[in-house]
Amino acid sequence: MTSTENATTVTDTDLLLEVDDLAVHFPITSGVLFERTVGHVRAVDGVSLRVHRGETYGLVGESGCGKSTLGRAILRLVDPTSGSVLFDGTDVATLKGEPLRRMRRRFQMVFQDPLSSLDPRQSVESLLTEGLRAHGLSRGGEADRARLTELMDAVGLPSGALRRYPHEFSGGQRQRIGIARALCVEPDLIVADEPVSALDVSVQAQVLNLLSRLQRELGLTYLVIAHDLAVVRHVSDRVGVMYLGGIVEEAPAGDLYSDPLHPYTRALLSAVPVPDPQVEDDRERILLTGDLPSPAAPPSGCRFHTRCPWRQADRCDTERPQLRVPEGAGPEHRVACHHAEAIRDGRITRHEVAPEAVDQSSGTGPAAPEQGGSLTEFLGR
Amino acid sequence: MTPAGARSGDGPLLDVRDLSVRFTRRGEPDTVAVDGISFDIEPGEVVGLVGESGCGKSVTSLAIMGLLPGRGPKVGGEVRFGGDDLLALSDSALRERRGRDLGMVFQDPLSSLNPVVPVGVQITEALTRHRGMDKKAARTEAITLLERVGIPDPARRVTSYPHQMSGGMRQRALIAIALACRPRLLIADEPTTALDVTIQAQILELLRELVAETGTALMMITHDLGVVAGLCDRVNVLYAGRIVERAERHRLFATPRHPYTHGLIGSIPRLDSDPELELPAIPGSVNDNLPWDTACAFAPRCPREIGRCTEVTPGVETAASRLLRCHNPVPATSA
């Protein structure tokens, strides 16, 4: 996509999106008639990031790390608890009513599952013109039709597709319709939440190529959210790695993959299966033990310390590390780890971590009770 | 990982000959999900079945286990396991073999575990039935098994219900159930697809250890070539219900000969590939097939299609321990 030297010479006028200390907490309620709030799921907890015009920012993390919630909060599909989201200079987090509605034209979303995000009873034409009408971009039947045909062409579908319904298409084609829908209102920013994870391998590459071609032609800015590190690396200029509601490392895509500094990033990279037996046989695996702790009761200090093979006794479990530029790394490389340099230089070695039992009643979803008790214990309290 | 030691001269453990599964529906043409698949698995070997959705990989495993619904599908061919044809066994005889000789791990552990029974009971069930243990011994064995698959605090976990466990732990519990009777063959159908990468790495490592330790043969069904690359000894690539290529994993990934395998390996974004280059995608989708009877099913999507591909079914060629079904394969040197 855009070359990386672009990203290093940016000035603040190139900034399209600036997220500052954003938090999204979902309340956990208890009781039937009088709902008491008994705790909060800290889905996103203090995230700051900047996205420049024309670049692709990739967000990776495992399920439950808050990456989707972050994407939705940026688009105001969920309301942030605190913090600000500056989009082209306007704080989206506090916008309301008509100004927010008008603002929405400028940021659009591409969803993971194209079938459930497209109305099954609307033809593709009606799906696409709806957005045009809602934002006053409609210029009458003929002109609209010409525009839609052009759009279909841009996403690689025949213009005959306009008269058909979502169920008549294959998964990859539906995702193209989802992309066309996002494009039809001429947005500046597209947030793509797992755009290819529901697709077959051979079709994934088609959609990824389409996304990068559209970016080149239309000068779009992308925020790509995905769990697949290889996909994110392929499309992104800069990548942020999320763990339990916070960004733990952020760097230009190349740097992150060649020189990962955060222990979690290292473990994540070593866990990705590579379709090459030689690489698979030789590589060093950093296996994490245990599961993601509940975001309703995140660990104190560094959130990763419960699973970190490099954990130190001094301040890992008491002081939450902030994103900082470590010594000897590029100016764009930021990491939230107290001991990043020592780990890189080999001054700290890995040790065994005993897996901690993580109770959960419903995965890491919002219903996970506080203090990690089982559901029955929880109800009895 | 290492097949050498476990291989013996007794012939294959599982020998699938010309297996076909045909779903019939009234008033509609039959759907051929599996179209004459033949492969074998040696004792202690890890064999991969790779393909995209709809290629018939899961139906193959269900047919081997006799788990397809009774009415509807027509199953043909032979599945020889330890001297018997599994397809010809009666229901009760097959039930004796399942769980004891054949274990299975499914994709979604939450829907394959019984939600109202503690996992410990679900493990002891197999132990008391197939290994004739009494309740107490079975419980002790269940704790040992849970510990073996890496579940922390196993003594407490035997009483847990599936909903109280995380996805990775559920999958571990499912593996413990499948291994309870020390089966000779374990069939794993997308065992890590529903899991996160770090958990996937844990489960794959566990399977690798268990195979090396117990000598169980493993049939790994997956769509992820990365998983196959690190785990399987031999790999079968399926397309539209037929095996299009089979080879030892190093050979398959180094020199894929079938254009589908070649395209599939090329179209995956890799951590060590150049992101500036456009991915070589396979055009079309898995639905754009021709019937195998009169052509090569892959021909409409194939970059190496020649006239014959749409007119004649490509035959199976076996050369230098590689099986190939293609009229115009990728030259062995380009890869």
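Residues numbered from 1 in each chain as written. Chains lettered and ligands numbered in written order. Predicted model: local features only at pLDDT ≥ 70, side-chain atom pairs only at ≥ 80, totals over all residues.

### Some details on the overall build of chain A
Condition: Strands are runs of DSSP state E lasting at least two residues, helices are runs of H or I lasting at least four, and both sets are numbered from the N terminus onward. Whether a residue is buried, exposed or partly exposed is read from the other C-beta atoms within 10 Å of its own C-beta, which are placed from the backbone; 20 or more gives buried, 12 or fewer gives exposed, and intermediate counts give partly exposed. For every residue pair, C-beta atoms are placed from the backbone, and the pair is scored as a contact if these atoms sit within 7 Å.
Each helix and strand in chain A was counted, giving 13 helices and 11 strands. The burial tally for chain A puts 47% of its 381 residues in the buried class. The contacts in chain A between residues at least 6 apart in sequence include a share of 65% that link residues at least 24 apart.

### Quick notes on the overall build of chain B
How we decide: The globule rule used here is 2.2 Å times the number of residues to the 0.38 power, and the radius of gyration it is set against is calculated over C-alpha atoms.
Scanning chain B from terminus to terminus reveals 11 helices and 12 strands. The C-alpha atoms of chain B give 21 Å as radius of gyration, which agrees with the globular expectation for 335 residues (20 Å, within 12%). The buried share among the 335 residues of chain B stands at 50%. Residue pairs in contact within chain B that sit at least 24 positions apart in sequence constitute 63% of those at least 6 positions apart.

### Some details on the nonpolar core
The criterion, for reference: By convention the nonpolar core is taken to be a set of buried residues drawn from Ala, Val, Leu, Ile, Met, Phe, Trp, Tyr and Cys and joined through C-beta atoms within 7 Å.
Ranked by internal contacts, the top residues of the largest apolar core, which has 194 residues, are Leu223(A), Ala173(B), Ala176(B) and Met220(B). Once you skip the residues sitting within four places of it in the chain, Ala173(B) turns out to touch Leu113(B), Val119(B), Leu146(B), Ile151(B) and Met165(B).

### Digging into the interface of chain A and chain B
The following threshold applies: Gly is put with the polar residues, along with every residue not named as nonpolar or charged; the nonpolar set is Ala, Val, Leu, Ile, Met, Phe, Trp, Tyr, Cys and Pro, and the charged set is Asp, Glu, Lys and Arg.
Across the contact, 45 residues belong to chain A and 43 residues belong to chain B. Elements with a contribution of two residues or more to the side of chain A that touches chain B: helix H7 (201-218), helix H8 (229-235), helix H9 (253-258), helix H10 (263-271) and helix H11 (277-282) of chain A. Per-element accounting of the side of chain A that touches chain B gives the leading share, seven residues, to H7(A). Taken together, the residues that form the side of chain A that touches chain B break down as 23 nonpolar, 13 polar and nine charged.

### A closer look at the pairing of strand S7 (residues 189-193) of chain A
All names here are of chain A. For clarity, the threshold we go by: In this analysis, strands are considered paired if DSSP registers two or more bridges between them.
Burial runs high along S7: five of the five residues are buried. Burial along S7 is two-sided: the face carrying Leu189, Val191 and Asp193 and the face carrying Ile190 and Ala192 are both buried. Bridge count between strand S6 (residues 107-110) and S7: four bridges; the pairing is parallel. Residue pairing for S7: Gln108 is matched across the bridge by Ile190. Two elements, S7 and strand S8 (residues 221-226), share five bridges in a ladder whose sense is parallel. Bridging from a neighbouring strand, Leu189 pairs with Thr221 of S8.

### Here's the deal with the sheet that holds strand S11 (residues 317-319) of chain B
Residue and element names in this part refer to chain B. We apply this condition: Axis geometry follows a simple rule: fit a line to the C-alpha atoms, using only the stretch in contact for helices, then measure angles between N-to-C directions, giving values from 0 to 180 degrees.
Read across the open sheet, the eight strands follow the order S6-S7-S8-S3-S9-S10-S12-S11; overall the sheet is mixed. With one partner strand each, in any of the chains shown, strand S6 (102-105) and S11 form the two edges of the open sheet. Averaged over all pairs of adjacent strands, the angle between their axes in this sheet comes to 20°, without regard to strand direction. Two strands pair when backbone bridges link them, and strand S7 (residues 185-189) and strand S8 (residues 217-222) are joined in this way by five bridges, in the parallel orientation. Looking at S8, one finds that Leu185 is bridged to Ala217.

### Examining unusual backbone geometry
All names here are of chain A. One non-glycine residue, Arg76, adopts positive backbone phi at about 60°. Along the chain, the position of Arg76 falls in the loop between helix H2 (67-74) and strand S4 (82-87). Phi is positive for Glu194, close to 50°, though the residue is something other than glycine. Its place among the elements puts Glu194 in the loop between S7 and H7.

### So, the packing of helix H4 (residues 124-134) of chain A against helix H6 (residues 171-183) of chain A
Residues and elements named next belong to chain A. What counts is decided by this rule: Put simply, angles under 35 degrees are roughly parallel, angles over 145 are roughly antiparallel, angles from 65 to 115 are roughly perpendicular, and the rest are oblique. Each crossing gets its handedness from the near helix: less than a right angle anticlockwise from the far helix is left-handed, clockwise is right-handed.
As a packed pair, H4 and H6 sit with axes 8 Å apart at the nearest point and diverge in direction by 25°. Taken together, H4 and H6 sit at an angle that is classed as roughly parallel. Viewed along their axes, H4 and H6 form a crossing whose handedness is right-handed. Along the contact surface, H4 presents Val124, Leu127, Leu128 and Gly131, while H6 presents Ile177, Ala180 and Arg181.

### Describing the environment of Val79(B)
Residues and elements named next belong to chain B. Position of Val79 among the secondary structure elements: in strand S4 (residues 73-81). In this structure the C-alpha to C-alpha distance between Val79 and Thr222, which are 143 residues apart in sequence, comes to 21 Å. Apart from residues lying up to four places away in sequence, Val79 is in contact with Val16, Leu19, Ile64, Asp85, Leu86 and Leu87.

### A closer look at helix H5 (residues 135-148) of chain B
Residues and elements named next belong to chain B. So the rule is basically this: To estimate how far a helix should extend, the number of its residues minus one is multiplied by 1.5 Å. Directions pointing from the helix axis toward each C-beta atom define the arc.
Here H5 spans 20 Å end to end across 14 residues, near enough to the 20 Å set by a 1.5 Å rise per residue. Within the sequence span of H5, burial applies to Ala138, Ala142, Leu145 and Leu146. Seen end-on, H5 carries its buried residues on one side only, within an arc spanning 95°. Exposed positions of H5 whose direction lies more than 90 degrees from the buried face are Lys136 and Thr144. Gly150, located one to two residues past H5, shows a positive phi value of around 85°.

### Digging into the packing of H10(A) against helix H8 (residues 197-214) of chain B
In the contact formed by H10(A) and H8(B), the axes pass within 8 Å of each other and the chain directions differ by 55°. Regarding the angle of H10(A) to H8(B), the classification is oblique. Crossing hand, H10(A) versus H8(B): left-handed. Residues Ala267(A), Leu268(A) and Ala271(A) of H10(A) form the contact with H8(B), whose own contacting residues are Val197(B), Thr198(B), Gln200(B) and Ala201(B). Residue composition of the contact of H10(A) with H8(B), grouped by class: five nonpolar, two polar and no charged.

So far we have only geometry, and geometry alone does not tell us how the molecule works.
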